[in-house]
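# Understanding the architecture of this molecule
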There are 2 protein chains.
Amino acid sequence: MTTATALAHPNIAFIKYWGNRDDALRIPQNGSISMNLAGLHTHTRVCFDPSYAVDSFTLNNLPQTGAGLERVSQFLDIVRTLAGKNWKAQVESANNFPTGAGIASSAAAFAALAVAASQAIGLDLDERRLSALARRGSGSASRSIPAGYVEWLPGNNDSDSYAVTLAPPAHWDLVDCIAVLKETHKLTGSSEGHLLAGSSPLQQARIGSCGERLQRCRRAIISRDFDALASVVELDSNLMHAVMMTSNPALFYWEPASIEIMKAVPEWRQSGLPACYTLDAGPNVHVLCPADHAAVVRSRLEIIPGVLQVLTATAGGGAHLTAED
Amino acid sequence: MTTATALAHPNIAFIKYWGNRDDALRIPQNGSISMNLAGLHTHTRVCFDPSYAVDSFTLNNLPQTGAGLERVSQFLDIVRTLAGKNWKAQVESANNFPTGAGIASSAAAFAALAVAASQAIGLDLDERRLSALARRGSGSASRSIPAGYVEWLPGNNDSDSYAVTLAPPAHWDLVDCIAVLKETHKLTGSSEGHLLAGSSPLQQARIGSCGERLQRCRRAIISRDFDALASVVELDSNLMHAVMMTSNPALFYWEPASIEIMKAVPEWRQSGLPACYTLDAGPNVHVLCPADHAAVVRSRLEIIPGVLQVLTATAGGGAHLTAED
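Model, not experiment: these values are computed from the prediction.

Another aspect to go through is the sheet that holds strand β8 (residues 62-63) of chain A. Pairing between the strands of a sheet is mediated by backbone hydrogen bonds and can be parallel or antiparallel. All names here are of chain A. Spatially, six strands are ordered β8-β7-β9-β6-β1-β16 in an open sheet, and the strand pairing comes out mixed. Across the chains shown, the open sheet's two edge strands, defined by having one partner strand only, are β8 and β16 (320-322). Sheet contacts for helix α1 (residues 66-83): β6 (42-49), β7 (56-59) and β9 (88-95); angle to β9, the most-contacted strand, approximately 125 degrees. The sheet contacts of helix α2 (residues 105-120) involve β1 (3-8), β6, β9 and β16, and relative to β6 the element is tilted by about 35 degrees.

Rendered as structure tokens:
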């Protein structure tokens, strides 16, 4: 079998990944925790064929060249090395959500690619090895391999840096209401951003205090304690953006409407609506809430000027093979 | 003589003061650097009279009670202790700029009060002692005593924590173009905010790296190197706000228009307009530039939605006695 297709969800980080100990291997400076986003997905078909002269890659039916193709091809090199084969591949990928707007499209992309490519070339990798492999393409992709609520154990080397499920999707009915503020590509991609983390005077303090936040977040998820989750999730998001905006050069991912929402959500919570915000490396604001409050959160977000649309996602499953189209 | 009047300017910090080693004495955790703001001022008249039963305080002709009066009265207690007198006082103060909107009205207020009250009660304090005295009312007031470009030496105790002139106003023709976004009082005053600084996981890293920024800022001022000033001023502002937004509770002083301006100004600079931003504990954005670019900066700020007005100020003199009205 030389062809396989797979599907993976993006994820939203509750405890953020920002900065690597090893940039080439994407070994992170700290562990991170996330939730997969059901409903949003990348679907990827990989076909290896000894007769292909080069790798090819289409995204949403558009042939990719340059950096986009290069990144996929370098990832396929890792898969080829693992399999001991030098076949080139045709990769066709499609997202059902806007690319590059802070919904971590690279996470879903490399998780789906890891599953499809490893299967197509004949490797039989377990979840941990798939997660470690996906990590090579995009750090946060390691978290889109396991299902539900996921923790990426930072590890020390290529084989022990992978993600595991903390709790399955059905454990907690959280909804991520994503206020989309921009649908264009972000100015500085995460891969470049990670390289700048160490230039902030604050990064080491963020890393040094991360273990305690990971523990608070794990406990909040296990005990389904929304208030505890809210306080650590907002703090950790602010800490990552604090590092970003004090790096050299400074990275500002926030838009005016991001601030508007970041100021509104804690007020909603104080007045009894359980909701908290978090932002990845983009302007979109992810507002988490229990499912029975999602309609209210969504309607409040939709009327804020600057919000283009609101996407909602429940906790999603892991990356998996799908039937051929 | 039992009556004296004095005038003092607010100041804008280039290197910020946030967090105390000693909250009661307002001994700061780090040194700071600022520029006095000519044109904006507080004018204060103090009259001590043995026949008064209580202190009274009017601000902009409005009699003050409660916390406002209490803070003035506690400051007068320090002056009375220094002078060995227990006379009560009548204090009349007026600002020519909006109060509580992040233009550090307390800095000008306590600098003017320190000069007027010490003179009225018969003390003869030199600039250092006046600066240390003003510090007791509001930390940043210590920087409104000396003229021009000023550094507050943090010190270790009540007598060695005071500010000195780094360079007189005429040394450099910088203009502070203040984009006023709100004219109402801020939610969390600086005095309360300082108490929260230690609750941020980032405060120690900000303090630990401050010496290097003070040195960069001093050198930039001495050599009138605007590019060097711009990079350290924006970084230091972002560092303070990073601490604020990661304290417990989180303090967000920024408004949507603050972000708009913070993103625009570095782009202006990249395209050749020398300007940099800094924000104190409020939403207003102070955009610094050499005088011959102030008209352009001002006109660009005025058309940004959310900007109510733009005030401009050159480097101002120190606090000083004025003739009786």
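Right, let's get into unusual backbone geometry. Residues and elements named next belong to chain A. Omega for the peptide link from Asn248 to Pro249 comes to 0 degrees, which places this bond in the cis form. Residue placement: Pro249 occurs in the loop between α7 (226-245) and α8 (256-270). Phi angles above zero are rare outside glycine, and Asn60 is one such case at about 50 degrees. Mapped onto the elements, Asn60 comes out in the loop between β7 and β8.

Residue and element names in this part refer to chain A. Parsing chain A into structural domains produces domain 1 (2-168) and domain 2 (171-314). Each side of the interface is counted separately: domain 1 has 34 residues, and domain 2 has 51 residues. Summed over both sides, the interface between domain 1 and domain 2 buries roughly 3400 Å², with carbon and sulfur atoms accounting for 65% of that surface. Of all residues in domain 1, Phe14, Lys16 and Trp18 bury the most surface against domain 2, accounting for 26% of the area lost on that side. For the interface between domain 1 and domain 2, the tally reads two salt bridges.

Across the boundary between the two partners, chain A contributes 21 residues, which contact 22 residues of chain B. Carbon and sulfur atoms make up 75% of the area that chain A and chain B hide from each other, which totals about 1900 Å². It is A:Phe252, A:Pro256 and A:Lys263 in chain A that bury the most area against chain B; as a group they hold 28% of the surface buried on that side. At the boundary of chain A with chain B, the tally comes to two salt bridges. B:Lys263 is the salt-bridge partner of A:Glu255, the closest N and O atoms lying 3.0 Å from each other. Our enumeration of links across chain A and chain B arrives at six residue pairs in polar contact (both at pLDDT 80 or more). When residues of the side of chain A that touches chain B are traced back to their parent elements, those giving at least two are α5 (203-208), α7 and α8 of chain A.

Attention now goes to α1(A). Residue and element names in this part refer to chain A. Taking 1.5 Å per residue as the helical rise, α1 with its 18 residues ought to reach 26 Å, and the 25 Å between its terminal C-alpha atoms agrees with that figure. Looking at α1, one finds that the buried residues are Val72, Ser73, Phe75, Leu76, Ile78, Val79 and Arg80. For α1, the elements touching its buried residues are β6, β7, β9, α2 and α3 (127-137). In the segment just after α1, Gly84 is the residue with positive phi, at about 65 degrees.

Conventions and cut-offs
- Along each chain, residue indices are assigned from 1 in the same order as the chain's sequence is written.
- The lettering of chains begins at A and the numbering of ligands begins at 1, in the order of writing.
- A pLDDT threshold of at least 70 governs which residues receive local features in this predicted model, and a stricter bar of 80 or more applies before side-chain atom pairs are shown or counted, although totals over entire chains, interfaces and linings include all residues.
- The side-chain values count all of the structure's non-hydrogen atoms but skip hydrogen atoms and water molecules.
- Pairing between two strands requires that DSSP report at least two bridges joining them.
- Strands here are runs of E lasting at least two residues and helices are runs of H or I lasting at least four, both read from the DSSP assignment and numbered beginning at the N terminus.
- Whether two residues touch is decided by their heavy atoms; if any such pair falls within 4.5 Å, the residues are in contact.
- Geometry is summarised by axes, namely lines fitted to C-alpha atoms with helices restricted to the contacting stretch, and by angles between N-to-C directions that run from 0 to 180 degrees.
- In this entry, domain limits derive from an automatic or database-based domain assignment.
- Here the quantity called buried area is the total loss of accessible area, with a 1.4 Å probe, experienced by two parts when brought into contact, counted for both.
- For this analysis, a salt bridge means a side-chain nitrogen from Lys or Arg found within 4 Å of a carboxyl oxygen belonging to Asp or Glu.
- Contacts described as polar in this section are N or O atom pairs within 3.5 Å, which, within protein, must combine one atom able to donate a hydrogen with one able to accept it, while residues neighboring in sequence count only if both atoms come from side chains.
- Multiply 1.5 Å by the residue count of a helix minus one, and that product is the helix's expected span.
- Relative accessibility under 20% of the residue-type maximum defines a buried residue, over 50% an exposed one, and the middle range a partly exposed one, all with a 1.4 Å probe and only protein chains included.

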